[in-house]
Amino acid sequence: MHTLNRIKLFGFFLIFMSITSVLAQSNNKFKVVLDAGHGGKDLGANYYGFIEKNIALAVALKVGKHLEKYPEIQVVYTRKTDVFVELIERARIANRANANMFLSIHCNAAPKGQAYGTETFVMGLTKNASNLEVAKKENAVITLESDYKMKYEGYDPKSPESIIGITLLQEEYLDQSITIATKIQNEYTNKLERKNRGVKQGPFLVLNQTAMPSVLTELGFLSYRPEGEYLNSERGQDELAKGIAEAILSYKKEYYGSSAQMVEEKPEKTSAEIPVVQDVPKPREEVKAVDSKGVVFKVQISASGTKLELVPKNFKGLDPISVIAENALYKYYFNQTSDYEKARQYLAEAKSKGYDSAFIVAFKNGKKITIQEALKQ
């Protein structure tokens, strides 16, 4: 079979598995997959006795301990001990769990030993040399796997750009992934006063093969001794873990609300029936009525336990607004259209008003569907 066809079939398989797991899911918890990078025979970066696999695991377990205090959050670990887990299996763990988000935790390194600071990556192609080097380093772990050439057919570890043929899944979640990454970097920078190297894109295999918002964070450089000492210390790991947990809680609150009872679905990933409790009586004249039996795109701007009057002043001037009640939450949407490009314009408008974490949601016949499914229509 042609390599590109294999890749496409793999992508469709992941989508099928994620939809199947939605139908089988029996609880309403917000699921976070924490992936401690490297492990077992894969040490990761190793400088001055500071070993990446140990630091990544320690921080991941501490992040999980913070999150597990909240009954509406379920934490899934790709590893909890010093074992080797293949990259493809890390993604499969997240996909089988039907997770709401995936976070891979790593430490950085540079040959000259002077670089320092934190950076967080989302999946994406880039020509930036330093971003490609980070991706190359993290992706190189596949060479420790048996039959890696067959498992990752078409991918060259020495050329991260060769991942171009299998980027479709993460494109759907790019906005949410950027939101998570930004919140993590803000915690590092604003509260811990770590150097901010920014939110970046890179062709990471472990992110590419997950079917949910996914990020990879680099806690700092082990090759820069002062930072390595901080990362290797109990204090440093505690502070970083708390910051990451706070960022995840902030993301959950923005996208899913902060009620004790969590909603089952994750953005754009369920086909559950949607009970509409209130809609805009009269849209603006320039907004044409959309056939409720067809595909409709809306921009979700917030989720709250409070029911608000649907007037522009309550939504930073945005109009029209509709609301859908699900369990203990009210989800507020700006505008609607059957044209995806128009929906992207509405998304830009919502973000210009300050709704930085807004995202597009697709419906068909009163049921929420994925953006990819909607575009195929």
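Residues numbered from 1 in each chain as written. Predicted model: local features only at pLDDT ≥ 70, side-chain atom pairs only at ≥ 80, totals over all residues. Heavy atoms only, no water.

1. Some remarks on the overall build of the protein chain
For step 1, the next point in the chain: For the protein chain, the count of helices and strands is twelve helices and 14 strands.
For step 2, the next point in the chain: Counting the 377 residues in the protein chain, one finds 54% classified as buried.
For step 3, the next point in the chain: A separation of at least 24 residues holds for 79% of the contacts in the protein chain among residues at least 6 apart in sequence.
For step 4, the next point in the chain: Carbon and sulfur atoms provide 52% of the accessible area of the protein chain, an area that totals close to 16800 Å². (Helix = DSSP H or I, 4+ residues; strand = E, 2+ residues; numbered from the N terminus. Buried < 20%, exposed > 50% of the residue type's maximum accessible area, 1.4 Å probe, protein only. Contact = heavy atoms within 4.5 Å. Areas by Shrake-Rupley, 256 points an atom, 1.4 Å probe, with all protein chains shown as cover.)

2. Some details on helix 11 (residues 340-352)
For step 1, the next point in the chain: For helix 11, with 13 residues, the first-to-last C-alpha span of 18 Å sits near the 18 Å given by 1.5 Å per residue.
For step 2, the next point in the chain: Once helix 11 ends, the next one or two residues include Gly 354, with phi positive near 110 degrees. (Expected span 1.5 Å × (residues − 1).)

3. Overview of the pattern of salt bridges
For step 1, the next point in the chain: For the coordinates displayed, the defined rule picks out 14 salt bridges.
For step 2, the next point in the chain: The salt bridge involving Asp 82 is made with Lys 53; its shortest N-O contact spans 2.9 Å. With Asp 82 in the loop between strand 4 (73-77) and helix 3 (87-96) and Lys 53 in helix 2 (residues 52-67), this pair connects stretches of sequence that are 29 residues apart.
For step 3, the next point in the chain: According to the relative accessible area criterion, Lys 53 is buried, its value standing at 8%.
For step 4, the next point in the chain: Taking the shortest distance from any N to any O, the salt bridge between Arg 225 and Glu 229 comes out at 3.7 Å. Of this pair, Arg 225 and Glu 229 both sit in helix 9 (residues 225-232), four residues apart, roughly one helical turn.
For step 5, the next point in the chain: The partly exposed category is assigned to Arg 225, whose relative accessible area is 43%.
For step 6, the next point in the chain: One salt-bridge network, held together by shared partners, links Lys 62, Glu 234 and Asp 238. (Salt bridge = Lys/Arg side-chain N within 4 Å of Asp/Glu carboxyl O.)

4. Thoughts on the confidence of the model for the protein chain
For step 1, the next point in the chain: Here the protein chain shows a mean pLDDT of 79. Residues at 70 or above account for 75%.
For step 2, the next point in the chain: The least confident element of the protein chain is strand 9 (residues 276-278), whose mean pLDDT is 36; the most confident is helix 2, at 98.
For step 3, the next point in the chain: Every residue in residues 259-292 scores below 50 in pLDDT, and together they form 101 contacts with partners more than four places removed in sequence or on other chains. (pLDDT = per-residue confidence, 0-100.)

5. Comments concerning the packing of helix 7 (residues 174-191) against helix 10 (residues 234-256)
For step 1, the next point in the chain: Relative to each other, helix 7 and helix 10 sit at 140 degrees, their axes nearing to 8 Å. Put simply, helix 7 runs oblique to helix 10. Relative to helix 10, the crossing made by helix 7 is right-handed. Here helix 7 contributes Asp 175, Gln 176, Thr 179, Ile 180, Lys 183, Ile 184, Glu 187 and Tyr 188 to the contact with helix 10, which in turn contributes Leu 240, Gly 243, Ile 244, Glu 246, Ala 247, Ser 250, Tyr 251, Glu 254 and Tyr 255.
For step 2, the next point in the chain: For the contact of helix 7 with helix 10, a count of residues per class yields eight nonpolar, four polar and five charged. (Axes fitted to C-alpha atoms, helices over the stretch in contact; angles between N-to-C directions. Parallel < 35°, antiparallel > 145°, perpendicular 65-115°, else oblique. Left-handed = near helix turned anticlockwise from the far one by under 90°. Nonpolar A, V, L, I, M, F, W, Y, C, P; charged D, E, K, R; others polar.)

6. Overview of unusual backbone geometry
Among all residues except glycine, the phi angle is most often negative; among peptide bonds, the trans geometry is most common.
For step 1, the next point in the chain: In this structure, Pro 320 follows Asp 319 across a cis peptide bond, with omega equal to 5 degrees.
For step 2, the next point in the chain: Mapped onto the elements, Pro 320 comes out in the loop between strand 10 (295-304) and strand 11 (321-326).
For step 3, the next point in the chain: One non-glycine residue with positive phi stands out, namely Tyr 48, at about 55 degrees.
For step 4, the next point in the chain: With respect to the helices and strands, the residue Tyr 48 is situated in the loop between strand 2 (46-47) and strand 3 (50-51).
For step 5, the next point in the chain: Exposure remark for Tyr 48: the relative accessible area of 45% places this residue in the partly exposed category.

7. Section: the nonpolar core
For step 1, the next point in the chain: With 47 residues, the main nonpolar core has Val 63, Leu 67, Leu 103, Leu 219, Ile 244 and Ile 248 as its most contacted residues.
For step 2, the next point in the chain: A total of ten residues in this core trace back to one element, the largest contributor, which is helix 10.
For step 3, the next point in the chain: Looking at which domains feed residues into this core, each of domain 1 (30-256) and domain 2 (295-375) gives three or more.
For step 4, the next point in the chain: Contact partners of Ile 248, with chain neighbours within four places excluded, come to Phe 30, Val 32, Leu 34, Val 63, Leu 67, Met 101 and Leu 103.
For step 5, the next point in the chain: Counting 22 residues, the second-largest nonpolar core is a separate cluster that includes Leu 318, Tyr 332, Ala 350 and Ile 369. (Core = buried A, V, L, I, M, F, W, Y, C linked by side-chain atoms within 4.5 Å. Domains from an automatic or database assignment.)

8. Some words on the packing of aromatic side chains
For step 1, the next point in the chain: Per the counting criterion, the structure on display carries nine aromatic pairs.
For step 2, the next point in the chain: Sitting above the plane of the Phe 84 ring, Lys 41 keeps its charged end 4.8 Å from the centroid. (Phe/Tyr/Trp six-rings, centres within 6.5 Å; stacked < 30°, edge-to-face > 60°. Lys NZ or Arg CZ within 6 Å of the ring centre and 35° of its normal.)

9. With respect to helix 9
For step 1, the next point in the chain: For helix 9, the complete set of buried residues consists of Glu 227, Gly 228, Tyr 230 and Leu 231. All buried residues of helix 9 fall inside an arc of 160 degrees around its axis, so they share one side.
For step 2, the next point in the chain: In this structure, the buried side of helix 9 is in contact with strand 3, helix 2, strand 5 (101-108), strand 8 (214-221) and helix 10. (Arc of directions from axis to C-beta.)

10. Some details on the sheet that holds strand 4
For step 1, the next point in the chain: Pairing within the open sheet is mixed, and its six strands lie in the order 4-1-5-8-6-7. Edge strands, defined here as strands with exactly one partner in the open sheet, are strand 4 and strand 7 (196-202). Sheet twist, expressed as the average angle between the axes of neighbouring strands with direction ignored, equals 20 degrees.
For step 2, the next point in the chain: Where strand 5 meets strand 8, six bridges bridge the pair, whose relative direction is parallel. Looking at strand 8, one finds that His 106 is bridged to Glu 218.
For step 3, the next point in the chain: Taken strand by strand, helix 3 contacts strand 1 (30-36), strand 4 and strand 5, and its axis lies near 170 degrees from that of strand 1. (Pairing = 2+ DSSP bridges.)

11. Overview of the side chain of Lys 183
For step 1, the next point in the chain: Considering the arrangement of structural elements, one finds Lys 183 in helix 7.
For step 2, the next point in the chain: Polar contacts involving the side chain of Lys 183 include one to the side chain of Glu 254, which spans 2.6 Å.
For step 3, the next point in the chain: Residues within four places of Lys 183 in sequence aside, it is in contact with Ala 247, Ser 250, Tyr 251 and Glu 254. (Polar contact = N/O pair within 3.5 Å; in protein donor to acceptor, adjacent residues only side chain to side chain.)

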